Amino acid sequence: RNYYGGNWASFSFSGLCSWIRENKQKRDVREESDDWRKLILETEEAISLNMKDNTIQHIEYICYANQDLAEDVNEAGALRKLSAFGVSDNGEATQGSEKECQPVESQSLGPESCEVSPESITCNDPESATERSDAEMTSESENLCDATSDESALEKGKMENASTAETAALEPKKITYTQIVIEGRRFNIDLVSKLLYSRGLLIDLLTKSNVSRYAEFKNVTRILAFQEGRVEQVPCSRADVFNSRQLTMVEKRMLMKFLTFCLDYEQHPNEYEDYKEYKFSEYLKTQKLTSNLQHFILHSIAMVSEADSGTIDGLKATKKFLQCLGRYGNTPFLFPLYGQGEIPQCFCRMCAVFGGIYCLRHSVKCLVVDKESGRCKAMIDHFGQRISAKYFVVEDSYFSEKTCTNMCYRQISRAVLITDQSILKTDSDQQISILTVPPEELGLPAIRIIELCSSTMTCMRNTYLVHFTCSSTKTAKEDLEPIVQKLFSLNSETERESENEGGPEKPRVLWALYFNMRDSSGIDKNSYDSLPSNVYVCSGPDCELGSDYAVKQAETIFQEMFPNEEFCPPPPNPEDIIYDGDGTQTEDPGFSNSSNVITKPSPEENSGGDGDSNQFSEEQHEE
């Protein structure tokens, strides 16, 4: 891999195209040098690691947008050697666009643009003076007529331009593949699609550890439902319920009564004890709820499986949804600006501030195990360098088939679409939406859709980034394309106009990517063959909407390694940090108002290197 973050990573458009190309390339890893094996001693043995990521399969991408001139453009701001996928490295199109965008003033001030009549040229000949004086009255009247006609023509032109501009503003802007490539750096496309519950474990961890200072978030603005072939907004809060036009007054009362019960359902066991063995969908039918309300609660509020989730699971999910309402907005969810791939980077920044070291551009060849103790003692990188450590945390995809002989992995079906309109148009074009599409057949998984607008910094203006996710039953395209065709138009502009005659206009897909991703969550460490006790395995992303599983797994691994330490403690305040030195006072540059009072550090905070790096980070952050 030439990127970091594994399957949690986020890419620009050209970066994603490079990722597609790398995963489609089939190379024989056996051809690579095995010189590292000579570095293994007789008292040691090696656990070889994968040189190729095998967690991504069945990649298919399709471009539906107009591809004119796509081979002659480069991504704006990119280095020439880092060309976009399917784009040449020459800069002819860029140079041409620069010529077209030259300032207009250079043309209007040129001598060619000025029309000068021969009569207006001054002359020093005395014989022509009389002729000029006789012609002054005639020329003035002519000039007045010309000026009046010019003004009327100018006003007429302004009116025509204004009407043309109004007409163009009403028409949706057509996006081409060329524009997507040029604006590729405005895209931040996540390999995994998740949201943050406003009272979930990840938000609590971000605020507790102060890692949240490295990220910004936006509230998800609406929750949608797909019912009877149409998309509609689901009322969540009390105000939304009573302002909703989709529900009758009786349904509003039913819904509020049931949601109020779910908030403290543990206090009323008599209401659900007899239905513990029932499916949540069956339990909803016993609560005298209309089919419309049952659909909203099951698929848009609890967001649980109709076939697999029991009554208790559904009540817990509904309570979690309701508890998260109102903390940051009218919905329970947050989304990080620039994509989900920002979250791992935020933790990396905090780690680096307090002394964490990252070895960039280092691929690991093997783990070195001591035969006598059975513990892992070091690892060897592709330079042949041996790095020793007490503990090793390895992501599942790095282990070879020999280590994972008894594994049976689940798969996640993913699709990423770039579209020209929202799936549900409103007055505002800056909506962040989540939609759960129920399965067409019982037993199949529901499909989760998250639509992101340009204000999330994940796509260019006048486009939307749409993520599809579900548990795999077939390839990603087979699982997801039928729903894509229901909600979006896959045809060209002219075909879409004929397709939408007599019905609502569907948003058009400009570019689509389908792929399957491995779900290694929930696998016990003992399932791996002959792993040393000080090697810990972390899984890749799971299929759930939140990140609770990843947070719990990280805390579990940390507590096994350091049972007496606090997991992600709050960092010390910069004012409380003591800097080790010779006691000499450095000259004050005049940029700070620090006092001369020195507080006594606690034993845990008495770390000079950490304090120095923290001060450096804070100053850079303020700058």
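Residues numbered from 1 in each chain as written. Predicted model: local features only at pLDDT ≥ 70, side-chain atom pairs only at ≥ 80, totals over all residues. Heavy atoms only, no water.

Should the sulfur atoms of two cysteines be covalently bonded, the bond is a disulfide. Summed over the entire model, instances satisfying the criterion amount to 0 disulfides. This cysteine, Cys 459, is not joined by any disulfide, and Cys 453 carries the nearest cysteine sulfur, 6.8 Å off. Accessibility expressed as a relative area gives 4% for Cys 459, which makes it buried. (Disulfide = S-S within 2.5 Å. Buried < 20%, exposed > 50% of the residue type's maximum accessible area, 1.4 Å probe, protein only.)

With that settled, the discussion passes to the packing of helix H8 (residues 249–263) against helix H10 (residues 291–301). In contact at an axis separation of 10 Å, H8 and H10 are set at 40 degrees when each is read in the N-to-C sense. Comparing their axes, H10 and H8 come out oblique. Seen along the crossing, H8 lies across H10 with a hand that is right-handed. Counted together, Glu 251, Met 254, Leu 255, Phe 258 and Leu 259 of H8 and Asn 292, Leu 293, Ile 297 and Ile 301 of H10 form the full contact between these two elements. Classifying every residue of the contact of H8 with H10 by side-chain character gives 7 nonpolar, 1 polar and 1 charged. (Axes fitted to C-alpha atoms, helices over the stretch in contact; angles between N-to-C directions. Helix = DSSP H or I, 4+ residues; strand = E, 2+ residues; numbered from the N terminus. Parallel < 35°, antiparallel > 145°, perpendicular 65-115°, else oblique. Left-handed = near helix turned anticlockwise from the far one by under 90°. Contact = heavy atoms within 4.5 Å. Nonpolar A, V, L, I, M, F, W, Y, C, P; charged D, E, K, R; others polar.)

Let's shift gears to the sheet that holds strand S6 (residues 217–219). In spatial order, the strands read S5-S9-S6; together these 3 strands make up an open sheet with antiparallel pairing. Edge positions in the open sheet fall to strand S5 (196–197) and S6, since each of these has one partner strand only. Sheet analysis places S5 next to strand S9 (residues 333–336), joined by 2 bridges and oriented antiparallel. The residue bridging Leu 196 from the neighbouring strand is Leu 334, located in S9. (Pairing = 2+ DSSP bridges.)

The next subject is the environment of Tyr 358. Along the chain, the position of Tyr 358 falls in the loop between helix H12 (342–353) and strand S10 (364–370). On the accessibility criterion, Tyr 358 (40% relative accessible area) is partly exposed. In this structure, the C-alpha to C-alpha distance between Tyr 358 and Cys 348, residues 10 residues apart in sequence, is 9.0 Å. Setting aside residues up to four positions removed in sequence, Tyr 358 forms contacts with Phe 347, Cys 348, Cys 351 and Ala 352. Of the polar contacts made by the side chain of Tyr 358, one reaches the backbone oxygen of Cys 348; its length is 3.2 Å. (Polar contact = N/O pair within 3.5 Å; in protein donor to acceptor, adjacent residues only side chain to side chain.)

Let's shift gears to the packing of H8 against helix H11 (residues 311–324). The axes of two packed helices give the description: the angle between them and the distance between them. Direction vectors running N to C along H8 and H11 enclose 95 degrees, while the axes themselves pass 8 Å from each other. Here H8 is positioned roughly perpendicular relative to H11, judged by the angle of their axes. Facing H8, whose interface residues are Phe 258, Leu 259, Phe 261, Cys 262 and Leu 263, H11 presents Leu 315, Thr 318, Lys 319, Leu 322 and Gln 323.

It helps to recall that an α-helix has 3.6 residues per turn; residues three or four apart then point in one direction. Compared with the 16 Å implied by 1.5 Å per residue over 12 residues, the 17 Å span of helix H1 (residues 13–24) between its first and last C-alpha is a close match. Listed as buried for H1 are Phe 13, Ser 14, Leu 16, Cys 17, Trp 19, Ile 20 and Asn 23. (Expected span 1.5 Å × (residues − 1).)

The subject of this paragraph is the pattern of salt bridges. In total, this model carries 17 salt bridges according to the counting rule given. Note that Glu 183 is salt-bridged to Arg 186, the shortest N-O span being 2.7 Å. Take Glu 183: its relative accessible area is 27%, and that puts it in the partly exposed class. Residues Glu 451 and Arg 222 are paired through a salt bridge, measuring 3.8 Å at the closest nitrogen-oxygen approach. On the criterion of sequence distance, the pair formed by Glu 451 in strand S16 (residues 447–452) and Arg 222 in strand S7 (residues 222–227) is long-range, its members being 229 residues apart. The class for Glu 451 is buried, based on a relative accessible area of 1%. Three or more residues are tied together by salt bridges with common partners; here these are Glu 44, Lys 377 and Arg 386. (Salt bridge = Lys/Arg side-chain N within 4 Å of Asp/Glu carboxyl O.)

This paragraph deals with the nonpolar core. Looking at soluble globular proteins, one finds that nonpolar side chains tend to be buried together. Ranked by size, the top nonpolar core spans 74 residues in total, and within it Phe 13, Leu 16, Trp 19, Phe 258, Phe 280, Leu 315 and Phe 333 carry the most contacts. Among the elements that make up this core, the one with the highest residue count is H8 (6 residues). Taken together, domain 1 (1–25 + 34–66 + 174–232 + 331–493 + 504–567) and domain 2 (237–324) each give at least three residues to this core, which thus spans both. The contacts of Phe 333, once residues within four sequence positions are left out, are Leu 195, Leu 196, Tyr 197, Lys 218, Asn 219, Val 220, Ile 223, Met 303, Phe 321, Ile 434 and Leu 545. In this structure, Leu 224, Val 437, Cys 470 and Phe 488 belong to the second largest nonpolar core, which totals 25 residues. (Core = buried A, V, L, I, M, F, W, Y, C linked by side-chain atoms within 4.5 Å. Domains from an automatic or database assignment.)

This brings us to the packing of aromatic side chains. Enumeration over the complete set of coordinates arrives at 19 aromatic pairs. Residues Tyr 3 and Phe 11 carry aromatic rings whose centres are separated by 5.1 Å and whose planes lie at 70 degrees to one another, so their mutual orientation is edge-to-face. With a relative accessible area of 8%, Phe 11 lands in the buried category. Note on Phe 13 and Trp 511: the rings are 5.1 Å apart at their centroids and 70 degrees apart in plane angle, and the pair reads as edge-to-face. (Phe/Tyr/Trp six-rings, centres within 6.5 Å; stacked < 30°, edge-to-face > 60°.)

Residues other than glycine predominantly adopt negative phi, and peptide bonds predominantly adopt the trans conformation. Here the phi dihedral of Glu 228 falls at roughly 55 degrees; this positive angle occurs in a residue that is not glycine. On the secondary structure map, Glu 228 appears in the loop between S7 and strand S8 (230–233). Phi is positive for Met 303, which is not a glycine, with a value near 55 degrees. The exposure class of Met 303 is partly exposed, given its relative accessible area of 22%.

So, on to the confidence of the model for the protein chain. Across the protein chain, pLDDT averages 79, with 73% of residues at or above 70. Across the protein chain, the element-wise mean pLDDT spans from 35 in helix H3 (residues 105–108) up to 98 in strand S4 (residues 189–190). A low-confidence stretch, residues 81–145 (pLDDT under 50), is modelled with 31 contacts involving residues beyond four sequence positions or located in other chains. For the stretch residues 582–623, pLDDT sits under 50, and the model shows 32 contacts to residues farther than four places along the chain or on other chains. (pLDDT = per-residue confidence, 0-100.)

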